[in-house]
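Spelled out from the first residue to the last, the chains are:
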There are 2 protein chains.
Amino acid sequence: MEYKYAGRARFAAPTLIRMANDYAAGNPDFIFFSVGNPSVETFPAKELRELADEVLAENYKSCLPYGENPGYPPLRALVRERLVKRGILKADDDNDLFITPGSGHGMDLMTMTFCDPGDEIIVEEFTYTGIIGSARCMGASLVGVKMEDDGMDMADLEEKLRTHPRAKFIYLVPTFSNPTGITWSMEKRKALYALSQKYDIMIYEDDPYGELRYSGTPVDTVKSLDTDGRVVYAGSFSKILSAGLRVGYVVCDKSLYTKLSCAAGNVVVASNLAQMVMAKYMERYDLDAHIQKACDYYGKKARAMKEALDRCLPEGWVRTDPEGGLFMWVTAPEEVDAMEMWKELLSMGVGLAPSASFAPDRDNPGHAFRLNYSRPSIEDIEKGCEIFGQVSSKYTK
Amino acid sequence: MEYKYAGRARFAAPTLIRMANDYAAGNPDFIFFSVGNPSVETFPAKELRELADEVLAENYKSCLPYGENPGYPPLRALVRERLVKRGILKADDDNDLFITPGSGHGMDLMTMTFCDPGDEIIVEEFTYTGIIGSARCMGASLVGVKMEDDGMDMADLEEKLRTHPRAKFIYLVPTFSNPTGITWSMEKRKALYALSQKYDIMIYEDDPYGELRYSGTPVDTVKSLDTDGRVVYAGSFSKILSAGLRVGYVVCDKSLYTKLSCAAGNVVVASNLAQMVMAKYMERYDLDAHIQKACDYYGKKARAMKEALDRCLPEGWVRTDPEGGLFMWVTAPEEVDAMEMWKELLSMGVGLAPSASFAPDRDNPGHAFRLNYSRPSIEDIEKGCEIFGQVSSKYTK
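Residues numbered from 1 in each chain as written. Chains lettered and ligands numbered in written order. Predicted model: local features only at pLDDT ≥ 70, side-chain atom pairs only at ≥ 80, totals over all residues. Heavy atoms only, no water.

Peer 1: Any chance you could explain the sheet that holds strand E14 (residues 353-354) of chain B here in plain terms?
Peer 2: By way of backbone hydrogen bonds, the strands of a sheet pair with one another, either parallel or antiparallel. Residue and element names in this part refer to chain B. Pairing within the open sheet is antiparallel, and its four strands lie in the order E11-E12-E15-E14. For this open sheet the edge positions go to strand E11 (318-319) and E14, each flanked by a neighbour on one side alone. Against the sheet, helix H13 (residues 338-347) contacts E14 and strand E15 (368-372), and its axis sits at roughly 35° relative to E15. (Pairing = 2+ DSSP bridges. Helix = DSSP H or I, 4+ residues; strand = E, 2+ residues; numbered from the N terminus. Contact = heavy atoms within 4.5 Å. Axes fitted to C-alpha atoms, helices over the stretch in contact; angles between N-to-C directions.)

Encoded structure:
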């Protein structure tokens, strides 16, 4: 039969990043700078095994049936406690905290709850693919704001807020951003919050990487500035304990929880087993010490990539200088055809994520690349950057 | 701040069923006929524990990172094999099969892929709450079709198909339906498929209960009749191995998979650990033998409920006669105020699900109740039905 798709599905297609994965299939030497995955080496497999065994021995009567809708209560309490310790929530705070199967689902709930077709979402100049899909799915469009090294260009943000009255929220990954690796300064976070008050708009702070700082000084979250219930904050265990177990969380004003959790058709919840294992891990082990080890691991790889890029890239190419997270962003001179170069690199066994994947405006795909340093070995990072450098030189006038 | 919700969220609220749960909190003697949960007694806890331990010992390198988007390949292959054995798919079939975090998510993907605001979905006279939420979320409306003991009234179905050209698909749970427990006859399944061809409409066959038959003769699925790629079929492990691990699956024509899997903003996937445990269970144990035990367990409870209702209900009250699944449906005489009676029963410690929860049309809430026999003990089934009978008599003229 001939299918009659809805408008939103007509453009639904695999991302360029997923296409690159297909391209790499069958090449064991392929160097993956393209995927945003944390490294399995940083996940505590032995401990998770021990804890899963305990859960299924002792708690199977609550683990195997349906769980509670906002999530496993002890896990919710432990995450809240940790957010208080990290200064993100106040001890007497009455925000709600609920568990999701990864933080990506949180942004779908946000978009479903707030965006009618034709509404808008303000985003960074290049932004996470998940919010691009989420907006498309709800018929919302994206408005990109110019970026500087320490966050959005505030004049441009204000201009966009002023001229886009249908903008429902500002989406951002202010710490070790996906895709750029940029971290917003405290000054810009305060200015952002002030503007969000002036134009009475919400903020969705997506923070899956915030704990993975390997250098520099921590910056407080935007949520920590929130006095109005204006900021919805999302975090995740995917980058620190396991991505495959699918556990994230969303923090929002108490009055918002029912809408956020009921806006979707069916409540999609995380596996009870995964939630219970996460809770036991937080109770029994030192999560901070574990994260420190992951940061040491990523820090070494990031340094290796910075050095290799600084050595290999031709003049006129610029990279960001992340202090944590999983990504680096390399901008080519304007004349470079990033898509052509991306394809050539794929054929040479090096996968990058082209800026087109992260562009809020399809007509402005940019001329930059996201490089992920978490998955390849240091040897592959050096080798891949060398090939990247050679091809860059060829494409640079 | 004052939140500016999207249209779809304005009516988003907890279901009556969820409200009943809140009501019951703190009453350990509360009798839950209201929730559709399978019983934890039917889940193989010991085996799942053993398998989880093995997965985390041997497969942690593929279990803990992100998994593959359509799901864990060995699990997909095992489920396909089982569907072929059950006659649902053909051996040389080229339908795609992908894993979801429960079968509810499948219907969200279906609605996202096919329904523009203003489109319609054809459903049974009373239907599963999930499709009601899913339709609301996408701005689609529901069109209910009159039901008989063996499926829809075919004349009414044709009338609805003829007069609702914006209907995108027919949603049904044709085997041990939620909420009614009704199973469609083979004759009606064939007539349904013929009409779907005549009016060129798709069918979403939701089949989470189909394997839980405790009496009577199996009826082939609608999917087994599908020659056009018109039927999307959804199944689940939630009723047979574990609800809390969140693993379901969707089968669809190969050409549909990309749209169905990309229509949502973010791909919500099942926990790798849960998927790997399910796969190992299917490899190592006899799933049919396990399901047989669950059927024996539910069959006893269903018989106890049937006997108790036949003994306790006053004249004029009618119940369905399910041969499997988890639900029975009791229709009161027209004069009975079902919502008032529902509230009175709650206050007496008996939770039912009122037909209003399952009504496609808010203005026609009906005067019936869904009773779930899987969770309460046989003693509680008898006690609860006795109270239900007393209150019914009071409300019957």
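Peer 1: Explain the interface of chain A and chain B here, please?
Peer 2: Taken together, the contact between chain A and chain B spans 84 residues of the former and 85 residues of the latter. Taking both partners together, chain A and chain B bury about 6900 Å²; carbon and sulfur atoms supply 57% of that area. Interface area lost by chain A to chain B is led by Met1, Leu64 and Tyr66 of chain A, which between them contribute 11%. Seen at the junction of chain A and chain B, the total is four salt bridges. Elements that contribute at least two residues to the side of chain A that touches chain B include exactly helix H1 (7-10), helix H3 (45-58), helix H4 (60-63), helix H6 (103-114), helix H7 (129-138), helix H10 (257-262) and helix H11 (272-284) of chain A. In terms of residues, the side of chain A that touches chain B owes the most to one element, H6 of chain A, which gives eight residues. Taken together, the residues that form the side of chain A that touches chain B break down as 45 nonpolar, 21 polar and 18 charged. (Buried area = accessible area lost by both parts, 1.4 Å probe. Salt bridge = Lys/Arg side-chain N within 4 Å of Asp/Glu carboxyl O. Nonpolar A, V, L, I, M, F, W, Y, C, P; charged D, E, K, R; others polar.)

Peer 1: When you look at the confidence of the model for chain A in this model, what are you seeing that I'm missing?
Peer 2: Parts of the model with low pLDDT should not have their predicted coordinates read in detail. With 100% of its residues at a pLDDT of at least 70, chain A reaches an overall mean of 94. For this predicted complex, the interface score ipTM comes out at 0.93, alongside a pTM of 0.94. (pLDDT = per-residue confidence, 0-100.)

Peer 1: Explain unusual backbone geometry to me, please; I cannot follow it from the model alone.
Peer 2: Working note: non-glycine residues mostly have negative phi, and peptide bonds are mostly trans. Residue and element names in this part refer to chain A. With an omega of 20°, the peptide bond between asparagine 178 and proline 179 qualifies as cis. Along the chain, proline 179 falls in the loop between strand E7 (167-172) and helix H9 (186-198). Positive phi values are uncommon outside glycine, yet phenylalanine 176 reaches one of about 55°. Note on phenylalanine 176: relative accessible area 0%, which makes it buried. Positioned with a positive phi, aspartate 200 is a non-glycine residue whose angle comes to about 45°. (Buried < 20%, exposed > 50% of the residue type's maximum accessible area, 1.4 Å probe, protein only.)

Peer 1: It is not clear to me how the relation of the copies chain A and chain B should be interpreted in this structure. Could you clarify?
Peer 2: Relating one copy of the chain to the other takes a rotation about an axis and a shift parallel to that axis. Superposition of chain A onto chain B requires a rotation of 180° combined with a translation of 0.0 Å along the rotation axis, giving an RMSD of 0.0 Å. Those values place the two copies in the arrangement expected of a two-fold rotation axis. (Least-squares fit on C-alpha atoms with pLDDT ≥ 70 in both.)

Peer 1: Even after reading the chapter, I still don't get the packing of H13 of chain B against helix H14 (residues 378-395) of chain B, so can you show me in this structure?
Peer 2: Helix packing geometry: the angle between the two helix axes and the distance between the axes. Residue and element names in this part refer to chain B. Running from N to C, H13 and H14 cross one another at 140°; their axes reach a closest spacing of 11 Å. Crossing angle aside, the handedness with which H13 passes H14 is right-handed. Between H13, through Glu340, Met341, Glu344 and Leu345, and H14, the contact on the second element is made entirely by Ile387, Phe388, Val391, Ser392, Lys394 and Tyr395. The residue makeup of the contact of H13 with H14, split by class, is six nonpolar, one polar and three charged. (Left-handed = near helix turned anticlockwise from the far one by under 90°.)

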